Amino acid sequence: RDVMVDAPVERVILGEGRQSFFAAVLDRENPFERVVGWRDDFRQASPESYEIYAEKFPQLSDIATFGGFKDGSFDIEQAVSLNPDVLIMNLEAKAATDEAGYEEKLAKVGIPIVYVDFREKPFEHTSQSMHIIGQLFGEESKAEEFNTFYQEQLARVTDVINAQDDLKRPLVFVERAGGYSEDCCMSFGNGNFGRFVELAGGTNMGSEFIPGTFGTVNAEQVIASDPDQIVVTGGNWDAYVPGGAWVGMGPGSDLAEATRKLAALTERPAFTGVTAVQNNQVHGIWHQFYNSPYSFIAVQRLAGWLHPDLFPDLDPEATLKELHRRFLPVDYKPGYWVSLGDAATN
């Protein structure tokens, strides 16, 4: 799409509050100075991150909140009243915006929509998305600096994996938001975390059974496939499922409690007797790596779990600290992953 926007923009509506993850990179001094409205998901979906940012930038609690595009609760009149220069949407919302005619309706009042993607095809679209947002914000040099860092850190994994002539790829089952509901098991096809696994030198179990990016694999299939390693994505989701069995991870999270809850998930029928559980090759990782510019951190962490012999010097925690030091306005806090085996916990 060709979109005409008067840049740099001064007033922005974010289609998702979690888009703060890219705003923090490009507007390090104050990631919320341009944001006049957003979908109210940041506080619920990633409360530990929200609290860290709210402590330093308390004005974020005053940002106008919106309903979602997919459920039809977005209020155009409210958006117009905020006089935004642009509305930034995630690519997966485009079908809903098309169906509801939001692009045409907003265009009539001079509000363009720009789409970005960190979720559907992160490794194809992250750098391009950061470049687009850099243009919108008038921060092209910051976007380029981040993209260089992103590509360099990703290459520390992919260069090694691609250099292997006879790589033995472990079979990996990624459970999406394990424990969020009693059902088992949400997972990933070829996209998102499924792609993370492939780049890190594994075979994603879900790709054989899920035609798209997201889907479900039944418990019997997990047992039959017998994965070598299991990775569960998790977050602190009390706002959605109070007291749930989900594995709470994210900056500043209680890793002892996360480890306890991860171990409890292995006692479900789907994981009974599988190789990964028997060998303690069960890991938990922060869910929000799946929808942010920080996906390369997850790839580094997965690579160390899947091929510790190939990556003895790769330290994803050091990379995460460098990301905070160079690009983010908040201090690093551990809490992004746990493991039941001897692998590193952060």
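Our structure's up above, just so we're on the same page.
Report follows, based on the coordinates. Please read these numbers as outputs of a predicted model, since none were measured by experiment.

The rules we used
- Residues numbered from 1 in each chain as written.
- Predicted model: local features only at pLDDT ≥ 70, side-chain atom pairs only at ≥ 80, totals over all residues.
- Heavy atoms only, no water.
- Helix = DSSP H or I, 4+ residues; strand = E, 2+ residues; numbered from the N terminus.
- Rg over C-alpha atoms; globule rule 2.2 N^0.38 Å.
- Buried < 20%, exposed > 50% of the residue type's maximum accessible area, 1.4 Å probe, protein only.
- Contact = heavy atoms within 4.5 Å.
- Areas by Shrake-Rupley, 256 points an atom, 1.4 Å probe, with all protein chains shown as cover.
- Lys, Arg positive; Asp, Glu negative; His and termini not counted.
- Charge placed at Lys NZ, Arg CZ, Asp CG, Glu CD.
- Pairing = 2+ DSSP bridges.
- Expected span 1.5 Å × (residues − 1).
- Bend = angle between axes of the 7 residues up to and from the residue.
- Core = buried A, V, L, I, M, F, W, Y, C linked by side-chain atoms within 4.5 Å.

Along its length, the protein chain carries 14 helices and 12 strands. Whereas a compact globule of 346 residues would reach a radius of gyration of roughly 20 Å, the protein chain reaches 20 Å, a difference of no more than 12%. When the 346 residues of the protein chain are sorted by exposure, 57% land in the buried category. Considering only contacts in the protein chain between residues 6 or more positions apart, those separated by 24 or more positions represent 71%. Per element, the accessible surface of the protein chain, about 14600 Å² overall, is 45% carbon and sulfur. Charge separation in the protein chain, taken as the distance between the mean sites of 28 positive and 52 negative side-chain charges, equals 1 Å.

In space, the 5 strands of this open sheet follow the order E8-E6-E10-E11-E12, with mixed pairing throughout. The sheet terminates laterally at strand E8 (203-204) and strand E12 (337-339), the two strands that pair on one side only. In this sheet, strand E11 (residues 282-286) lies alongside strand E10 (residues 229-234) in parallel orientation, the contact comprising 5 bridges. Within E11, the residue paired with glycine 234 across the bridge is tryptophan 286.

Owing to its 3.6 residues per turn, the α-helix brings residues three or four apart onto one side. Across its 23 residues, helix H8 (residues 140-162) extends 31 Å between first and last C-alpha, which sits within 8% of the 33 Å expected from 1.5 Å per residue. Within H8, the axis deviates most sharply at alanine 155, by approximately 35°. All buried positions along H8 are accounted for by Ala143, Phe146, Asn147, Phe149, Tyr150, Gln153, Leu154, Val157, Thr158 and Ile161. Considering only its buried residues, H8 is in contact with helix H1 (20-26), helix H7 (122-137), helix H9 (193-199), helix H13 (295-306) and helix H14 (316-327).

Within the largest apolar cluster, 68 residues are counted, with the highest numbers of intra-cluster contacts made by Phe193 and Phe289. Among all residues touching phenylalanine 289, those that are not within four sequence positions of it are Phe193, Phe196, Tyr294, Ser295, Ile297, Ala298, Tyr336 and Trp337. Counting residues in hydrophobic clusters, the runner-up holds 22 residues, among them Cys185, Ala219, Leu255 and Ala258.

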